[in-house]
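Fold and geometry: a report
Here are the chains, one letter per residue:
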Amino acid sequence: MSFARRGKFTICMCIIQVIFIIVFGVFADYDPAAKPRREDKSAESTIGMYPMFQDVHVMIFIGFGFLMTFLKRYGYSAVSVNLFIAAVIIQWALIVRGVIHQLLHGEAKFTIGIGDLLGADFAAATVLISFGAVLGKTSPLQLIVMGLIEVVLSQINEYIGLDKLRAEDVGESMYIHAFGAYFGLAASRVLFSEEIEKSSSKEGAVYHSDIFSMVGTVFLWIYWPSFNGGAASGDEQHRAIVNTYLSLAACTVVTFAFSMCVDKSAKFDMVHIQNATLAGGVAVGTTANMPLDPWGAMLIGSVAGIISVLGYKFFTPFLASKLKIHDTCGVNNLHGMPGILAGVAGACAAALANYDKWGESLFEIFPGIAPTYNSTDYTKYHDGLQSGWSAGLGRTSHEQGGYQFAALGVTLVIAIVGGALTGLLMKLPLWDNPRGDGLFDDGDFFEVAEQGFPSSGEGGMNGIKEDTRIHLMEKE
Amino acid sequence: MSFARRGKFTICMCIIQVIFIIVFGVFADYDPAAKPRREDKSAESTIGMYPMFQDVHVMIFIGFGFLMTFLKRYGYSAVSVNLFIAAVIIQWALIVRGVIHQLLHGEAKFTIGIGDLLGADFAAATVLISFGAVLGKTSPLQLIVMGLIEVVLSQINEYIGLDKLRAEDVGESMYIHAFGAYFGLAASRVLFSEEIEKSSSKEGAVYHSDIFSMVGTVFLWIYWPSFNGGAASGDEQHRAIVNTYLSLAACTVVTFAFSMCVDKSAKFDMVHIQNATLAGGVAVGTTANMPLDPWGAMLIGSVAGIISVLGYKFFTPFLASKLKIHDTCGVNNLHGMPGILAGVAGACAAALANYDKWGESLFEIFPGIAPTYNSTDYTKYHDGLQSGWSAGLGRTSHEQGGYQFAALGVTLVIAIVGGALTGLLMKLPLWDNPRGDGLFDDGDFFEVAEQGFPSSGEGGMNGIKEDTRIHLMEKE
Amino acid sequence: MSFARRGKFTICMCIIQVIFIIVFGVFADYDPAAKPRREDKSAESTIGMYPMFQDVHVMIFIGFGFLMTFLKRYGYSAVSVNLFIAAVIIQWALIVRGVIHQLLHGEAKFTIGIGDLLGADFAAATVLISFGAVLGKTSPLQLIVMGLIEVVLSQINEYIGLDKLRAEDVGESMYIHAFGAYFGLAASRVLFSEEIEKSSSKEGAVYHSDIFSMVGTVFLWIYWPSFNGGAASGDEQHRAIVNTYLSLAACTVVTFAFSMCVDKSAKFDMVHIQNATLAGGVAVGTTANMPLDPWGAMLIGSVAGIISVLGYKFFTPFLASKLKIHDTCGVNNLHGMPGILAGVAGACAAALANYDKWGESLFEIFPGIAPTYNSTDYTKYHDGLQSGWSAGLGRTSHEQGGYQFAALGVTLVIAIVGGALTGLLMKLPLWDNPRGDGLFDDGDFFEVAEQGFPSSGEGGMNGIKEDTRIHLMEKE
C-alpha cells in the first residue's frame, strides 16, 4: 500500500509541476517593471508595494501555518502541508489569474510582477481557509484536488464580482474569506463520517501546541492592515490601515470580554483568543478603504468579536451535531460569518455613500458610482488629470449597494455548490483519504519523532504517549 | 464566584469599549493623509513610515508577548494577556494623546494616521514593560486599571519632558523604558505578599518555554533599530539604525561573556540571554540619532550588557529579599537601569554637543539649543529654506544637558509615585486579584489543555503534572 | 575546571569586544548618508533598502537560529549561540570589509550605513551555514575561532570573485552558501571523532523541536526573495524577487514529492521539509537578477529540490560513514550542492547571454561583458546618462561564463582548504571543546531547565529525562 501511495503522490506532483513549468514556459513573461532592456524607470514604483507583499506573505505561511498547529498531534501537518499546498496554489493561481485577466482578453502572455505575487498569495489564502475547515480529515492529494478546483472557482467568482458586477472588496472579505470558509464547509459536510466524530479526543490541544498556535494568531493580527490595504493606494490605503488596526483592537477587547462570559468556569478559552480576535480584520475588509470614521471601524470590529465568540461557543457544536458539518478550525466563526458581515457592511456603506461626505473618493472607491463619460455629472465633477477617478457606470448609491449584495450572494452560491461538488470528488477513494487512526494524526503522512509526541487520549500522563505509558506500567 | 467574576470582567470591558467608541465618535477623525476628497497627494508620504511601524508592531505583540512566555505555567497568559492589554491601551492611548496634543490645544478633533498608530504602540510598550514587573501576580482587571492610569501619567510625563522641557529622547528610553520599569516596580512593591515568595517553584521555566521566550527576544533584537529610529527621519534615522545595530551587537557579546562569568558552573543563563542582550537597545535609545560615532554606540551597548547581567545576578535577588520588590521579568535590568543609562548618556551628549562637530544637526536634534529667531546666531547659521531646523530656545549645550537630566528626574518621580499609588488601587480586593495557586498559573484565568501542562514543582518527572504523577504512583 | 573555562571565555570575549571598539574608534565613520551636517539630502535614498535589510536580518537571527533548534537537547544553543556568533561576526565583518574595500584602497576610514549592515549580515550568514555543519560538536570559543577566520577568507574570496574576476553572484550563492557549506564540512571532517558517531541517539528531534525548527524554515522561505534581491535595484531587483519566489514554490512541491518517494513508509520526512524546501532559494541565487524567464527559475528550483532530498537520503549518510564528514544540519544538501548548482547555472546563463534578448541589461548585470570605454561597441550601445551601465571589460559571453566557473572553483578551493586548516586550529585542546555527554547537549554550556528537557535516548517515556525515569522506577 505504501508503495502505491508513494507512487501516486510522487507521480501526481511531478506531473503537476512539469505542467506548471511548461505552461509558464509557453505563456508567462515578466511584468514590464521586471523586464530587462527597460528604459522606462517609472515602472520601478511597483517595488514600493514589496514591504506590504511581504507582510501578507508572512500571514500566508507563518500566520495560517502556525494558527493551525493547535491540534496536539497534527502540528507537522499544519505548518508543513500549509507550506506545500500554498506552494502549489501560488503557481496555479498565477496561471488561472493570467488566463482570466490576460489570455482571455487577447494577450499572448500573462505577466508576473510583485502585484501578481500578491494576488497569488491572496488566492492561496482562500484555499488555506478551506483547509482549516477540513484540517485533520484530508490527505495531501485531497487537498491538492480541492485547491486546484477552488482556485479556478474563486478566481471566476472574483472576476464576476469585481470586474462584472463592479462590487468592491478591498480586503477581499467576500471573495476570499467568505468564499474560502463556505467552500470548505460544504466540502467538509460531504466528507463527514462517523469516524470523525469518534476522533474527538485527538481534536484537542496540548499546552505548548496552543502556544505555537499563538505565533500564527499574533502575526496574522499584526499584519492584517497590510492584507486589507495591500491592494489599495494613497489615502485609501492609509484609511484601510487605520480602520483595520482599530477594528482589530476593538474586536480583541470584545473577544476577551465574551470569552470569559460564555465559559462555564469564567475563564478565557484559547480557541477564542486564537481565532475570534482576528474576526475584526475580516469584518472590516470590504469597507476598510471607505471613510467609515474611526468609530465605525471599531463598531464593526466589536460586532465581529461577539459573533465570532458566540459562534465558537454555540454554533460550531450545533453545526457538527445537527448538520454534520464538522469545522476543525471554526472557519465559519473567523472567516465565514465575519466575511458575510463585511459584505453586508460594504453594501450598506455603498448605499449610504454620498458625494457630500466622501467627495471624489466616492468615485475612486466605487467606479460603479462614478459618472459615465458623457454625463453632465462627469463634466461637473471631473477636473482633468488631477482627478483620481475615470468615467464609471453612473449608478446611484443604492444601486451600488444592490450590486454589493448581489456579489455576496453569488459568492455564497458558487462557494457552497462548488465546495459540495468538490467534496464529492475528494470523497472518491483515490486520494489516500485518511481513516481511523489517521484522522487528526501526523503519523499518517509524516515520520514522527516519537519522543514528545502527545498521546491521543485526553487524560493520563500529560504529554506521554499511550503505549509508552503502558510499557512503563508493564515494567513495574 | 465565577459568576461574579465573569459579570464584573465582561461588563467592565464592554463599558470601556463602548466608551471608547463613543469618544472616538465624538472626537476622532482621520489624519489629513487618510481623509477622503483629498487632493493634496503630498500627504501620502506618511505611508513611507509604515514598514517601520510594522516592525514596532511586531515588537509589541510578538516581542513582548513571547518574551514573557518563559514561565512554565504562564505561557497562555503571557502572550494572550499581552495582546489583550495592548488592544485596550492602543485605543486609550490614541484618546489620551489626542487630548494632550490636540483637544487641549483648541482643536475640535484629534486625528489618526500611521504616525499616531506608532505613538499608540509606543504607549502600549510602556504598560507592557510594567506588566513584566508584575507578571504572574495580577488579574486582567488589575492590569487594565494599571494600564489606564499609567498611560495618562506616562503621556503627561512625555509631554512635560518633550514639549515643555524640550528634553529629546528619540527612542524614548526615558519616557517609555525607564518610566514603564519604575512604574511597574513601584506597583509590584505595593502588591508584594508572602504568597508570592512562596510560589517561587512556579517561577521557573521548562525547556521549551525558554525557547518560546527566545522568539520574543530575537524579534525584539532584530527590530530594535526601528523602535529607536521610527520617529526620526533623514540622516538622524539612518544614524539611529546604525547606532542601535552596533549597540545591540556589542551588548550581546558582553552579555554572553558576563553570563558565563557570574554563573557558579560557568554556564550561560537563558534569563540573561533572553533579556540582557536587549539592554543595548534601551541604553542607546536617547542618543541613537546623535553622532555618537560607531564606537560610542558600541561602548554604550557594552556597558548596558554588563549592568544588565550583574543586575539579574545580584540586584534582582536583593530587591526581592530586602526591599520586597519582586520583579518577575527583571524589568529593572532590561528597561530600568539601561533606561537611566540612556538618559544620562543623552544628558552628557547634549552637554558635550557643539556646532563644530555636529554642524546644523545640533539644531535639528536639539531644538532647545537652536538659536532664537531674533538672535544673531540665527542669522549667522540659518541659511533659509535649506535648513532642516527652525528657531529654537537658544540654550547652551550645558543648559540642554541640565534639561535632559531634569526630564530623567521628572520621569522617575512620576513613575515611582504614580506606580505606588496605582499599586494601592490595584490592591483593593475588587479585581479578582490572584492568590495562592492562582499566582504564576494560567489555570486561574484560562481553560488549560491539561496535557503537557508542566507541573508546578521543581523536580520530579519533568513535564508531568503533580497530580498525574500521584495518580500514576497510586496505580502502581 | 569551570573556573578556568569561565575565565578563558569571559576574558577572550572582553578582549575581542574591546579591540572591536578601539578599531571602530580609530577607523570607523558613518556613511555619508548617516552623517550630521549633511546638506545633500539625496543620500537619504539608502533608507529605501531598510525593509529588505530587515527581512534579511530576520533570516539571520530567526531563520538560521530556529532552523537549528530541531535537535532535541540543543535548542538553547541553536538559537542563543546563533545570536552570539552573529553578534560577534557582524562587528568583525564590518572591520574586515572596511579594510578590504576602503582602508586598503587608501581611505582613512571605513564607513557604515545600512548597506554595510546588510553586508555584515550576509557575512554572518556564511559563518552560520558552517555552524550548521558542526552544530552540537563545538564550543562557543571554537565557533569564534572559526568565525573570525572564516570571515576573513570568505571576504577575500568574495573580493577575488566579485572585484577581480568580475564574476557576478547577486544572491551570493557561491560566495556565501557554497563557501559556508564547504568551509564548515572541511572543518567538520577534521573535527570528526568516534564520540560523535556514538552520540547519534541525541541527534534526533522531539516532536515540538521539529515545530520550532519550522519557525526558522518558514521565515527563511518567506524572506529569501529579499536575500537574493537585497543587493540589486530596479528591474534586476524586481526580477530577483519574482525568480526567487517561483524557484522556491517549485522546489517545495518537488521536495514533498521526493520526500515521500524515498521514504521507506511513504511518509514525509521533516528534515527534508525543514531544509530541502529552501534549496530553491540557494540554487537561483546567482541567476536571480537575470532574465531566466519564469519557467527557468521554476526549473532551477525543481532540480534543487530533487538534489537536496536525494542528498539528505543518500549522500549525507555516505559522507558520514565513508568519508567521516559528519554534517549535523545537512548543509551540503541545503547550501553546498545547491550553491554549486547556482554557480553552474550562473556560468551557463552568462555564456548564453546575448544583447538581442537581454538588451542593455546584459551590460548592467555583467560589467565584464560591457564594452570598454574606447571600443566601437561602447559608442554604439551607450546612450549617455540614460544608460544604467558604465564601461566594462569587453569580454565575450563565453569568456564571462569561464570567469564565473573560475570564481566557483576558487570559492571551493579556498573554502575547503581554509576550512580544513581552521578545523585543525579548532581541534587544539584550548577551546573547551565538547566531549562525550557534552556533544549535542545544551547541558554542557547552559543552565538547563530540567523540566521538559528531553531524554538523550531514543525510546522510553518520550519527553522524560533518563535519570528522572530511573528515579521514578526506584521509587516504585
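Now for a look at the structure at hand. (Residues numbered from 1 in each chain as written. Chains lettered and ligands numbered in written order. Predicted model: local features only at pLDDT ≥ 70, side-chain atom pairs only at ≥ 80, totals over all residues. Heavy atoms only, no water.)

1. Observations regarding the overall build of chain A
A tally of regular secondary structure across chain A gives 18 helices and two strands. Projected onto the principal axes, the alpha-carbon positions of chain A cover approximately 90 × 55 × 35 Å. Within chain A, buried positions represent 67% of all 476 residues. Of the contacts formed within chain A by residues at least 6 apart in sequence, a portion of 79% connects residues at least 24 apart. With an accessible surface of roughly 14,500 Å², chain A has 64% of that area assigned to carbon and sulfur atoms. Taken as two groups, the 31 positive and 44 negative side-chain charges of chain A have centres that lie 6 Å from each other. (Helix = DSSP H or I, 4+ residues; strand = E, 2+ residues; numbered from the N terminus. Buried < 20%, exposed > 50% of the residue type's maximum accessible area, 1.4 Å probe, protein only. Contact = heavy atoms within 4.5 Å. Areas by Shrake-Rupley, 256 points an atom, 1.4 Å probe, with all protein chains shown as cover. Lys, Arg positive; Asp, Glu negative; His and termini not counted. Charge placed at Lys NZ, Arg CZ, Asp CG, Glu CD.)

2. Section: empty space enclosed by the protein
Per the counting criterion, the structure on display carries 13 cavities of 30 Å³ or more. Approximately 120 Å³ is the volume found for the second largest cavity. Forming the walls of the second largest cavity are Pro51(A), Gln54(A), Asp55(A), Tyr223(A), Pro51(B), Gln54(B), Asp55(B), Tyr223(B), Pro51(C), Gln54(C), Asp55(C) and Tyr223(C). Among the secondary structure elements, those contributing two or more residues to the lining of the second largest cavity are α2 (50-67) of chain A, α2 (50-67) of chain B together with α2 (50-67) of chain C. (1 Å grid on protein atoms, 1.4 Å probe; cavity = no way out; pocket = protein on both sides within 12 Å on 5 of 7 lines; lining within 4 Å. Points joined across faces, edges and corners; volume = space filled by probe spheres on them.)

3. Brief notes about the relation of the copies chain C and chain B
Between chain C and chain B, the superposition needs a rotation of 120° and an axial shift of 0.0 Å, giving an RMSD of 0.0 Å. Such values leave the two copies arranged in the relation of a three-fold axis. When each C-alpha of chain C is compared by its distance to the rotation axis, Pro51(C) comes out closest, at 3.7 Å. An overlap of only 16% is found between the interface residues of chain C and their copies at the interface of chain B, pointing to separate contact surfaces. (Least-squares fit on C-alpha atoms with pLDDT ≥ 70 in both.)

4. Points about the interface of chain C and chain A
Taken together, the contacts link 79 residues of chain C with 83 residues of chain A. Summed over both partners, the interface of chain C with chain A comes to about 6,700 Å²; 70% of that surface belongs to carbon and sulfur atoms. For the interface between chain C and chain A, the tally reads zero salt bridges. Viewed at the interface, chain A and chain C are joined by 26 residue pairs in polar contact (both at pLDDT 80 or more). Put simply, the parts of the chain that give the side of chain C that touches chain A at least two residues each are α2, α8 (207-229), α9 (234-262), α10 (270-275), α12 (294-322), α14 (355-358), α15 (361-365) and α18 (466-475) of chain C. At 21 residues, the largest contribution of residues to the side of chain C that touches chain A is made by α9(C). Here the residues of the side of chain C that touches chain A are counted per class, giving 47 nonpolar, 17 polar and 15 charged. (Buried area = accessible area lost by both parts, 1.4 Å probe. Salt bridge = Lys/Arg side-chain N within 4 Å of Asp/Glu carboxyl O. Polar contact = N/O pair within 3.5 Å; in protein donor to acceptor, adjacent residues only side chain to side chain. Nonpolar A, V, L, I, M, F, W, Y, C, P; charged D, E, K, R; others polar.)

5. Things to note about a nonpolar patch on the surface
All names here are of chain A. Nonpolar side chains collect at one region of the surface, where Val 18, Ile 22, Val 26 and Phe 27 lie side by side and expose about 340 Å² of accessible area between them. Relative to the elements of secondary structure, Phe 27 occurs in helix α1 (residues 2-27). For Phe 27, a relative accessible area of 34% gives the class partly exposed. (Patch = residues over 30% accessible without salt bridge, like charges linked within 9 Å, V, L, I, M, F, W, Y side chains within 5 Å.)

6. A closer look at the nonpolar core
Formed by 420 residues in total, the largest nonpolar core has its most connected members in Met13(A), Phe219(A), Met13(B), Phe219(B), Met13(C) and Phe219(C). In contact with Met13(A), not counting residues within four places along its chain, are Phe84(A), Val88(A), Leu141(A), Ile144(A), Val253(C) and Ala257(C). (Core = buried A, V, L, I, M, F, W, Y, C linked by side-chain atoms within 4.5 Å.)

7. Digging into unusual backbone geometry
Within the chain, Phe440(A) stands out as a residue other than glycine whose phi angle is a positive 50°. A relative accessible area of 0% means that Phe440(A) is categorised as buried. A positive phi angle, close to 55°, is found at Lys324(C), a residue other than glycine. Accessibility expressed as a relative area gives 29% for Lys324(C), which makes it partly exposed.

8. Some thoughts on the packing of aromatic side chains
With the rule as written, the count across this model stands at 84 aromatic pairs over all chains. On the basis of an interplanar angle of 40° and a centroid distance of 5.9 Å, the ring pair of Tyr50(A) and Phe53(A) is categorised as tilted. Residue Tyr50(A) and its partner Phe53(A) are both found in helix α2; the two are separated by three residues, about one turn of the helix. When the centroid spacing of 4.5 Å and the interplanar angle of 40° are considered together, the rings of Trp221(A) and Phe61(B) count as tilted. Here Trp221(A) is found in helix α8 (residues 207-229), whereas its partner Phe61(B) is found in helix α2 on a different chain. With a relative accessible area of 1%, Phe61(B) lands in the buried category. Taken together, the ring pairs in this structure connect Phe9(A), Tyr76(A), Phe84(A), Phe446(A), Phe453(A), Tyr207(C), Phe256(C) and Phe268(C) into an aromatic cluster. The aromatic ring of Phe445(B) is capped on one face by Arg5(B), whose charged end is 4.1 Å from the ring centroid. (Phe/Tyr/Trp six-rings, centres within 6.5 Å; stacked < 30°, edge-to-face > 60°. Lys NZ or Arg CZ within 6 Å of the ring centre and 35° of its normal.)

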